[in-house]
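# Tertiary structure, described
What follows is the residue order along each chain.
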Amino acid sequence: MKQKLPIIISVFSCLLALLCMVRIVNLQNQLRSMENNLNNSILILRNDINNISSNVSYQLEEQDNLLSSSDFSFGLADWKNFTVELNCTVTPKEFRPEETSVVLVCNGEEHPMTLRSGAYAATFPISMLEGSTITEVRFLENGNIRIQNMDRSIYPRDQYFPNLYTSFSGSGSGKKDSSTCTWTYNGTLYITAEQKGGLNSSIEALDLVQYNNGEEVTRSSFLGQDKDDNSVVFGQKNPAVTITNQDPLEVQYELQQDYTFPFGSTMELYVEMSDSRGFTYRALVGRLSASAEGEVNDDEQFVGWDNRYWILDENGQLLYSSLDDPAYY
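What comes next concerns the included structure. (Residues numbered from 1 in each chain as written. Predicted model: local features only at pLDDT ≥ 70, side-chain atom pairs only at ≥ 80, totals over all residues. Heavy atoms only, no water.)

## Comments concerning the overall build of the chain
Defined as follows: Numbered from the N terminus, helices here are DSSP runs of H or I no shorter than four residues, and strands are runs of E no shorter than two. Only protein chains enter the accessibility calculation, which uses a 1.4 Å probe; a residue is then buried when its area is under 20% of its type maximum, exposed when over 50%, and partly exposed in between. We call two residues in contact when some of their heavy atoms are within 4.5 Å. Per-residue and other accessible areas were derived by the Shrake-Rupley procedure at a 1.4 Å probe size, with only the shown protein chains allowed to occlude residues.
Of the regular secondary structure elements, the chain holds 2 helices and 19 strands. Counting every position in the chain, which comprises 329 residues, the buried fraction comes to 35%. Taking the intrachain contacts of the chain between residues at least 6 apart in sequence as the baseline, contacts between residues at least 24 apart amount to 61%. Put simply, the chain shows about 19,500 Å² of open surface, and 50% of that area lies on carbon and sulfur atoms.

Next up, the structure:
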């Protein structure tokens, strides 16, 4: 018995150590669970504090807001001068009609507002092509001026003119001979044309055009009887296509084409779209320049992803350029 006693003690010690290890593991799991619960509680508390802060800020802003409502909509469009009427209505929380005059400031110009059925309204023309900003409404009462900041930006172009988007997925490679460079595109060109604002636009042509130093060299059509067989058109396929926001025109074109241009020149590849009003919409797919020695600068071989975009009138005069529009990017 005395000989077995050390063995019994050793076994008992092992069991006790194992039990302690199990208890330690359980305590560690409980500690992790408590830490997770504490972290979740802290996160919920932080969100609640942020929500309270946001709600307080919103309530304070609403309390200081002089207006109970405001509304802006478009009226008659003047396609000759490229303007559209902007209808503005603001409803102040408190005012005395016989003592209050109201002025709305748009693009730095003041526009007096007239009281109509408990709200002040003004109608004035703004550019169809350029963005407009309503900065504030001023209330003049007995020589005192109160100002409500607005900071409202309005872009009629998105509503009245079709939008043309292009992107290219693929690769390009170049070679040269004694006097010309040849650039080969190998990939897929994606084109989307849509009309927002609930309006319809009739598209009469959609082409891929190469220009060398601004002179047209080649033109391939995506619509009509002379449609390029490498293109797949999603949408209406008649010679004249009507597009809407709900029914855009989409084209997928396998661009596997060589484009040649002389030394010392610039080659540009555009998608061009023409509508029934005589406007041309141009989106740049790629641009390459060759030096006098035939070295090609291919930094802009694929630029369709940033959708550089122009609108021209029926005489080819530039009406709009996305490069000049700070709100475009």
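## A closer look at unusual backbone geometry
For Asn 107, which is not glycine, the phi torsion reads 55° and is therefore positive. Look at Asn 107 and you get partly exposed, because its relative accessible area is 46%.

## Comments concerning the pairing of strand 15 (residues 266-275)
The test is simple: Here, a strand pair is defined by DSSP locating no fewer than two bridges between the strands.
Counting buried residues along strand 15, 8 of its 10 residues qualify, which places the element largely inside the surrounding structure. Here strand 10 (residues 201-212) pairs with strand 15 via 9 bridges, running antiparallel. The residue of strand 15 that forms the bridge with Ile 203 is Asp 275. In this sheet, strand 16 (residues 280-290) lies alongside strand 15 in antiparallel orientation, the contact comprising 9 bridges. Bridge assignment links Ser 274 to a residue of strand 16, and that residue is Thr 280. In this structure, the hairpin formed by strand 15 and strand 16 is closed by a connection of 4 residues, where Gly 278 is found at a positive phi of approximately 95°.

## Re the nonpolar core
Note on soluble globular proteins: their nonpolar side chains tend to be buried together. Where we set the bar: We define the nonpolar core as a collection of buried residues of types Ala, Val, Leu, Ile, Met, Phe, Trp, Tyr and Cys that are connected through side-chain atoms lying within 4.5 Å of one another.
Membership of the largest hydrophobic core comes to 59 residues, with the highest contact counts inside it found for Leu 104, Ile 134, Phe 161, Leu 164, Tyr 185, Leu 206 and Leu 208. Setting aside anything within four residues of it in sequence, one finds Leu 206 in contact with Leu 164, Ile 191, Ser 220, Ser 221, Phe 222, Leu 223, Leu 249, Val 251, Val 271, Glu 272 and Met 273. Within the second largest apolar cluster, 6 residues are counted, among which are Val 209, Tyr 270, Trp 310 and Leu 312.

## Concerning the pattern of salt bridges
As a reminder, the rule being used: Salt bridges are identified by distance alone: a Lys or Arg side-chain nitrogen within 4 Å of an Asp or Glu carboxyl oxygen.
All told, the structure shown has 10 salt bridges when counted by the stated rule. Its salt-bridge partner being Glu 216, residue Arg 219 comes within 2.9 Å of it at the nearest N-O pair. Note on Arg 219: relative accessible area 37%, which makes it partly exposed. Residue Glu 216 is classed as partly exposed on the basis of its relative accessible area, which comes to 43%. Of the charged contacts in the structure, one is a salt bridge between Arg 287 and Glu 268, with a shortest N-O distance of 2.8 Å. Placement of Arg 287 in strand 16 and of Glu 268 in strand 15 is noted, with a sequence separation of 19 residues between them. Take Glu 268: its relative accessible area is 15%, and that puts it in the buried class. Residues joined by salt bridges that share partners form a network here, namely Asp 207, Glu 216, Arg 219, Glu 272 and Arg 282.

## Observations regarding the environment of Ser 265
Worth spelling out the cut-off: Whenever two N or O atoms come within 3.5 Å, that pair is a polar contact, provided that in protein one can donate a hydrogen and the other can accept it, and provided that, for residues adjacent in sequence, both atoms are side-chain atoms.
Tracing the chain through its elements places Ser 265 in the loop between strand 14 (249-262) and strand 15. The exposure class assigned to Ser 265 is buried, which follows from its relative accessible area of 4%. A C-alpha to C-alpha distance of 9.7 Å links Ser 265 and Val 296, two positions 31 residues apart in sequence. Not counting the four nearest positions on each side in its chain, Ser 265 is found in contact with Asn 213, Leu 288, Ser 289 and Ala 290. There is a polar contact of 2.5 Å between the side chain of Ser 265 and the backbone oxygen of Pro 262.

## Examining the pairing of strand 3 (residues 100-106)
Taken across its 7 residues, strand 3 has 5 buried, putting it largely inside the fold. As judged from the 7 bridges shared by strand 3 and strand 6 (residues 132-141), these two strands associate in the antiparallel manner. Note on strand 6: the bridge partner recorded for Val 103 is Arg 138. Judged from the 5 bridges that link them, strand 3 and strand 4 (residues 109-116) form a sheet pairing that is antiparallel. Among the inter-strand pairings, Val 105 is bridged to a residue of strand 4, identified as Glu 110. In sequence, strand 3 turns back onto strand 4 through a hairpin of 2 residues, with Asn 107 there showing a positive phi of about 55°.

## Quick word on a nonpolar patch on the surface
As a reminder of what qualifies: Nonpolar side chains (Val, Leu, Ile, Met, Phe, Trp, Tyr) within 5 Å and like charges within 9 Å form the patches, drawn only from residues with over 30% relative accessible area and no salt bridge.
Where nonpolar side chains cluster on the molecular surface, the patch consists of Leu 18, Met 21 and Val 22 and spans about 290 Å² of accessible area. Along the polypeptide, Val 22 turns up in helix 1 (residues 5-64).

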